[in-house]
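Chain by chain, the residues:
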Amino acid sequence: MKRLLLFVMMCASISFVFAQKKGDKVSKVITSEIKWWGHKVVKTKASSHYGSLKLKSGKFNFDKTVLVDGEFVIDMRSLMVADVSGDDQVKLTNELKGTNFFEVKKFPTAKFHLKKIIPLANSEYNSTIVGDITIKNIRKTISFPANAHITQFTVEIESSKFSLNRKDFRIFYQNSLKDYFIKDEMDIQFKVSTQKVDNERPL
């Protein structure tokens, strides 16, 4: 009986070690900025709109001092249009949050899981970011250039302006000619940074 109990305790200890292996340190995002751009088929300043979103939460997971991954939750209810004001701003914001586009009542958050950072040489940006983005419960793997700086548990990332295909996430007018006047690509750019948080991940 004692041998059996000892064996169970050893198995539990091994499981605990592997459970902690993914990352025993967490560095939380403390500053962030997310910008978006949408364009009509004729891509001119007059036919484009832009605005911002807010990050609800963000963190980077470390194994010792090695970055494992990052997890980010975007508050889609924070979506704001910045290039118009007054009634036009209210109308466009409500339209983008509505059923033809992001459906924020049904899908209040979007997520990005950063899986790897690949160093680049001799480029305007020093890295390629690879990860999974989930919008309206649809997940796609994406990659884009960025400047990433990691010092122990401190992380700073500034992305390039990169494009997502809105139709991949079912963001379009249903049965309307209006949809033909909107470019499929929507542009995103973001900055995130952390402070050193030297704490063990809670069990």
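In this text, all values refer to a predicted model and were calculated from it rather than measured experimentally.

(A) Expanded view of the overall build of the protein. Along its length, the protein carries 2 helices and 9 strands. Scored against the burial criterion, the 203 residues of the protein give a buried share of 37%. Here the protein displays about 12900 Å² of accessible surface, and carbon together with sulfur accounts for 56% of that area.

(B) Region of interest: the side chain of D75. Structurally, D75 is set in strand β3 (residues 66-81). For D75, a relative accessible area of 18% corresponds to the buried category. Here the side chain of D75 touches R77 through a polar contact of 3.1 Å, landing on its backbone nitrogen. Each residue touching D75, except ones within four places of it in the same chain, is listed here: L53, K54, K56 and P108.

(C) Just the pattern of salt bridges, in detail. In total, this model carries 8 salt bridges according to the counting rule given. One salt bridge in this structure joins E71 and K59, with 3.8 Å as the shortest N-O distance. Pair noted here: E71 is in strand β3 and K59 is in strand β2 (residues 48-63), with a separation of 12 residues, a long-range link. Looking at K59, the relative accessible area reads 29%, which means it is partly exposed. R77 is paired through a salt bridge with D75; the nearest N and O atoms lie 3.4 Å apart.

(D) Up close: the environment of S52. Following the sequence through the fold, S52 ends up in strand β2. Take S52: its relative accessible area is 23%, and that puts it in the partly exposed class. Filtering out sequence-adjacent residues up to four positions away, S52 remains in contact with I34, K35, W36, S78, L79 and M80.

(E) Summary view of unusual backbone geometry. The phi dihedral of K136 is positive, around 55°, even though this residue is not glycine. Among the structural elements, K136 can be located in the loop between β5 (127-135) and β6 (138-151). Accessibility expressed as a relative area gives 9% for K136, which makes it buried. You will see that Q152, though not glycine, has its phi angle at about 55°, which is positive. Examined against the element boundaries, Q152 turns out to sit in the loop between β6 and β7 (154-159).

(F) Seen up close, helix α2 (residues 86-97). Here α2 spans 17 Å end to end across 12 residues, near enough to the 16 Å set by a 1.5 Å rise per residue. Taken together, the buried positions of α2 are occupied by L92, T93 and L96. Along the axis of α2, the buried residues cluster in a sector spanning 100°; they form a single face. Exposed side chains of α2 directed beyond 90 degrees from the buried face belong to D87 and K91. Looking at the buried residues of α2, the elements they touch are β1 (25-39), β2 and β3.

(G) Examining the pairing of β2 more closely. Where β1 and β2 come together, 10 bridges link them in antiparallel fashion. Paired with W36 across the strands is G51, a residue of β2. The pairing of β2 with β3 spans 11 bridges and is classified as antiparallel. Across the sheet, S57 pairs through a bridge with V73, a residue of β3.

Scoring rules and cut-offs
- Residues numbered from 1 in each chain as written.
- Predicted model: local features only at pLDDT ≥ 70, side-chain atom pairs only at ≥ 80, totals over all residues.
- Heavy atoms only, no water.
- Helix = DSSP H or I, 4+ residues; strand = E, 2+ residues; numbered from the N terminus.
- Buried < 20%, exposed > 50% of the residue type's maximum accessible area, 1.4 Å probe, protein only.
- Areas by Shrake-Rupley, 256 points an atom, 1.4 Å probe, with all protein chains shown as cover.
- Polar contact = N/O pair within 3.5 Å; in protein donor to acceptor, adjacent residues only side chain to side chain.
- Contact = heavy atoms within 4.5 Å.
- Salt bridge = Lys/Arg side-chain N within 4 Å of Asp/Glu carboxyl O.
- Expected span 1.5 Å × (residues − 1).
- Arc of directions from axis to C-beta.
- Pairing = 2+ DSSP bridges.

All we've got here are geometric facts, nothing functional implied.
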